[in-house]
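This is what each chain is made of:
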Amino acid sequence: KKVSLQSSSFIDLPLKFSEIYLQTSREKLAIQTLEKFHVETAPTSESLYIQGRVYTKIGDYEKAETSFLEAINLGPENPYPKLHLAALFIQQARHEEAYPILLSLTEQNQQFVPGYELLAKLELQRGQPTRALDVYRRLYQLDSSNVNALYMQGFIPLMSDRPDESMPVAEQLLVEFP
């Protein structure tokens, strides 16, 4: 019988171990810990999110996708399972499936920098440099220490044969990040 325990110390410990196992390339232990956790307690959005990341790392994309979708279902307010599901789709060249997820993610979480970073990269992969430039501008507004967001604002026009638009950004880069 599965129980849903409210004690965060009980729930946090196996998840922390699973995260450590994932970060130290001990994926088999991570999966075993999560499977045991899911037998002893009800799966949580966080446990399914970690599980999805483990499956992604070992290349089991079908199980990763299922885990991320279940994590989203259990915790729709958490942006990370959506981000990683979109990243999984991008990794599989399923850009048209990733795109609406990232649009929705950035609309619902307007301060979520990782969502904008992935959306900007996807726009470039989709051949949409103007849209990517807009996303990089938004990203730089959110995080003015993000040198890549500023760099890309100069790089995209340069690669689009508009070098005159790149010069002010290059000058700003030199001033802000000497």
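Every chain's residues receive numbers from 1 upward, in the order its sequence appears when written. Side-chain atom pairs in this predicted model are given and counted only at pLDDT of 80 or more, local residue features only at pLDDT of at least 70, and totals for whole chains, interfaces and linings cover all residues. Calculation of side-chain values draws on the structure's entire complement of heavy atoms; hydrogens and water are dropped beforehand.

**Student:** For this particular structure, what's the right way to read the overall build of the chain?
**Tutor:** The way it works is that DSSP assigns letters per residue, a run of H or I at least four long becomes a helix, a run of E at least two long becomes a strand, and they are numbered from the N terminus. Within the chain one finds 10 helices and zero strands. Projected onto its principal axes, the C-alpha positions of the chain cover 65 × 35 × 30 Å. In the chain, which comprises 178 residues, the proportion classed as buried is 42%. Counted over contacts in the chain with a minimum sequence separation of 6, partners at least 24 positions apart contribute 46%. In this tally Asp and Glu are treated as negative and Lys and Arg as positive; neither His nor the chain ends contributes. For the purpose of locating charges, the reference atoms are NZ of Lys, CZ of Arg, CG of Asp and CD of Glu. Each charge sign in the chain was given a centre, from 17 positive and 23 negative side chains, and these centres are 7 Å apart. Under the scheme applied here, a residue whose accessible area is under 20% of the maximum for its type counts as buried, over 50% as exposed, and between as partly exposed, the area being computed with a 1.4 Å probe on protein chains only. Any two residues having at least one pair of non-hydrogen atoms within 4.5 Å are treated as being in contact.

**Student:** I'm lost on a nonpolar patch on the surface in this one. Help?
**Tutor:** Taken together, the side chains of Y151, F155, L158 and M159 define a hydrophobic patch exposed on the protein surface, amounting to about 390 Å² of accessible area. Secondary-structure assignment places Y151 in helix α9 (residues 147-159). By relative accessible area, which is 41% here, Y151 ends up partly exposed. Patches in this entry comprise residues that are over 30% relatively accessible and not in a salt bridge; like charges within 9 Å are linked, as are nonpolar side chains (Val, Leu, Ile, Met, Phe, Trp, Tyr) within 5 Å. With residues, only the protein chains shown are counted as cover, and all accessible areas are computed by Shrake-Rupley using a 1.4 Å probe. Basic side-chain nitrogens of Lys or Arg form a salt bridge, by our definition, when they fall within 4 Å of a carboxyl oxygen of Asp or Glu.

**Student:** What should I look at first to understand the pattern of salt bridges in this one?
**Tutor:** Between side chains of opposite charge, a pair can form when the charged atoms approach closely. Under the counting rule described, the total for this entry stands at 10 salt bridges. A salt bridge links R94 to E97; the nearest nitrogen and oxygen atoms lie 2.9 Å apart. It is possible to trace a salt-bridge network through shared partners that takes in E65, R94 and E97.

**Student:** How do you make sense of the side chain of Q51 when you look at a structure like this?
**Tutor:** If you trace the backbone, Q51 turns up in helix α3 (residues 45-58). Apart from residues no more than four positions distant in its own chain, Q51 is found in contact with L34, H38 and S67.

**Student:** Explain the nonpolar core here, please?
**Tutor:** Taken as a class, soluble globular proteins show a tendency for nonpolar side chains to be buried jointly. Only buried residues count toward a nonpolar core. Its members are Ala, Val, Leu, Ile, Met, Phe, Trp, Tyr and Cys residues joined through side-chain atoms within 4.5 Å. By size, the foremost hydrophobic cluster in this structure holds 46 residues, and its most contacted members are L102 and Y136. Those residues in contact with L102, other than ones at most four positions away along the chain, are L83, A86, I90, G115, L118, L119 and L122.

**Student:** Even after reading the chapter, I still don't get unusual backbone geometry, so can you show me in this structure?
**Tutor:** With the exception of glycine, the majority of residues adopt a negative phi angle, and the majority of peptide bonds are in the trans configuration. Residues other than glycine seldom take positive phi values, yet S25 does so here, at roughly 60 degrees. Following the sequence through the fold, S25 ends up in the loop between α1 (8-23) and α2 (27-40). Of note in the backbone geometry, A93 takes a positive phi value of approximately 60 degrees without being a glycine. Along the chain, A93 turns up in the loop between α5 (79-91) and α6 (95-108). The exposed category is assigned to A93, whose relative accessible area is 58%.

**Student:** What's the story with the packing of α6 against helix α7 (residues 113-125) in this structure? I'm lost.
**Tutor:** When two helices pack together, their arrangement is given by the angle between their axes and by how far apart the axes lie. Close contact between α6 and α7 brings their axes to 10 Å; oriented N to C, the two are set at 145 degrees. Helix-helix and strand crossings are classified by hand; for α6 and α7 the assignment is left-handed. Contact residues: α6 offers H95, A98, Y99, L102, L103, L105 and T106, while α7 offers G115, Y116, L118, L119, L122, E123 and Q125. Nonpolar residues are Ala, Val, Leu, Ile, Met, Phe, Trp, Tyr, Cys and Pro. Charged residues are Asp, Glu, Lys and Arg, and all others, Gly as well, are polar. By residue class, the composition of the contact of α6 with α7 is nine nonpolar, four polar and one charged. In this analysis, axes come from line fits to C-alpha atoms, helices being fitted only over the stretch in contact, and the angle between any two N-to-C directions falls in the range 0 to 180 degrees. By definition, turning the near helix anticlockwise from the far helix through less than a right angle yields a left-handed crossing, and turning it clockwise yields a right-handed one.

All we've got here are geometric facts, nothing functional implied.
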